[in-house]
Amino acid sequence: MTLMIQPAVTGGIFEMSPNSRTTSSENYDHVSDVLTGKRDDTIVSIGREPGALCIFKGCHSLHRVSPVVGDELRIMGVFVYEFSPGIVGDPKVNATIYGPRTLGH
Ligand SMILES: O=C(O)CCC(=O)C(=O)O
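What you see is a predicted model, and the numbers here were worked out from it, not measured in a lab.

**Focus: the pattern of salt bridges**
All chains considered together, the criterion is met by 3 salt bridges. One salt bridge in this structure joins Arg 64 and Glu 15, with 2.7 Å as the shortest N-O distance. Here the residue Arg 64 occupies a position in strand E6 (residues 62-65), and Glu 15 occupies one in strand E3 (residues 14-17), the gap between them amounting to 49 residues. Note that Asp 41 is salt-bridged to Arg 39, the shortest N-O span being 2.9 Å.

As structure tokens, then:
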């Protein structure tokens, strides 16, 4: 679940191809088609106004954010829910996705 707090002035568009994978299938052919632009028809853009709330199956939906342009920060709350309590994201993975500023938090 994401909650837009402060959109980028330019860029920072959140796009996803909903349900592009399943628990039982990585669906590599479809994923490849999306990544190479052959299935742009499956991509949806999500609202970027402050307060925009998006609930989606992130593990099963390819998603990306276009480059943020300009000096203003794009601030997004990202809430990830697990089936069991106590599960946290791998700090190295988080640093790869969100930047080294997340290390140690
Ligand atoms: O920044 C966003 O708009 C989406 C972030 C996201 O979905 C993620 O970090 O997995």
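**A short note on the environment of Glu 72**
Counting through the fold element by element, Glu 72 comes out in the loop between strand E7 (68-69) and strand E8 (75-78). Using a relative accessible area of 46% as the deciding quantity, one classes Glu 72 as partly exposed. Through-space distance from the C-alpha of Glu 72 to that of Arg 39 is 32 Å; in sequence the pair is 33 residues apart. Among all residues touching Glu 72, those that are not within four sequence positions of it are Gln 6 and Val 9.

**What to know about a nonpolar patch on the surface**
Together, Val 78, Val 80, Val 93, Ile 97 and Tyr 98 line one region of the surface with nonpolar side chains, adding up to about 450 Å² of accessible area. Looking at the nonpolar patch element by element, the count peaks at 3 residues for helix H2 (residues 91-98). Here Ile 97 shows up in helix H2.

**Some words on the site of the ligand**
Close to the ligand lie Thr 2, Phe 14, Phe 56, His 63, Val 65, Arg 74, Met 76, Val 78 and Tyr 98, which account for all nearby residues. His 63 places a side-chain nitrogen or oxygen 3.0 Å from an oxygen atom of the ligand. Between the ligand and Tyr 98, the relevant distance is 2.4 Å, taken from an oxygen atom to a side-chain nitrogen or oxygen of the residue. Protein chains shield 84% of the accessible area of the ligand, which is 300 Å² for the free molecule. Elements that contribute at least two residues to the shell around the ligand include exactly E6 and E8. When the residues that make up the shell around the ligand are grouped by side-chain class, the tally is 6 nonpolar, 2 polar and 1 charged.

About the criteria used
Each chain carries its own residue numbering, running from 1 in the written order of its sequence. For a predicted model such as this one, the threshold for reporting local features is a pLDDT of at least 70, and the threshold for listing and counting side-chain atom pairs is 80 or more; totals across whole chains, interfaces and linings nevertheless cover every residue. Calculated side-chain values reflect all of the structure's heavy atoms, with hydrogen atoms and water omitted. One speaks of a salt bridge when a side-chain nitrogen belonging to Lys or Arg is within 4 Å of a carboxyl oxygen belonging to Asp or Glu. Under the scheme used here, helices are H or I runs from DSSP no shorter than 4 residues and strands are E runs no shorter than 2 residues, and both carry numbers assigned from the N terminus. For every residue, the accessible area obtained with a 1.4 Å probe (protein chains only) is divided by the maximum for its type, and the residue is called buried under 20%, exposed over 50%, and partly exposed between those limits. The contact rule is simple, with two residues in contact once any of their heavy atoms fall within 4.5 Å. Here a patch means residues that are over 30% exposed by relative accessible area and free of salt bridges, tied together within 9 Å if like-charged and within 5 Å if nonpolar (Val, Leu, Ile, Met, Phe, Trp, Tyr). Accessible surface is estimated by sampling points in the Shrake-Rupley manner with a 1.4 Å probe; for residues, cover comes only from the protein chains shown. We call a residue near a given molecule or strand whenever any one of its heavy atoms falls within 4 Å of it. Two N or O atoms count as a polar contact when they lie within 3.5 Å, although within protein this holds only if one can serve as hydrogen donor and the other as acceptor, and sequence-adjacent residues are included solely when both atoms are side-chain atoms. Put simply, Ala, Val, Leu, Ile, Met, Phe, Trp, Tyr, Cys and Pro go in the nonpolar bin, Asp, Glu, Lys and Arg in the charged bin, and everything else, Gly too, in the polar bin.

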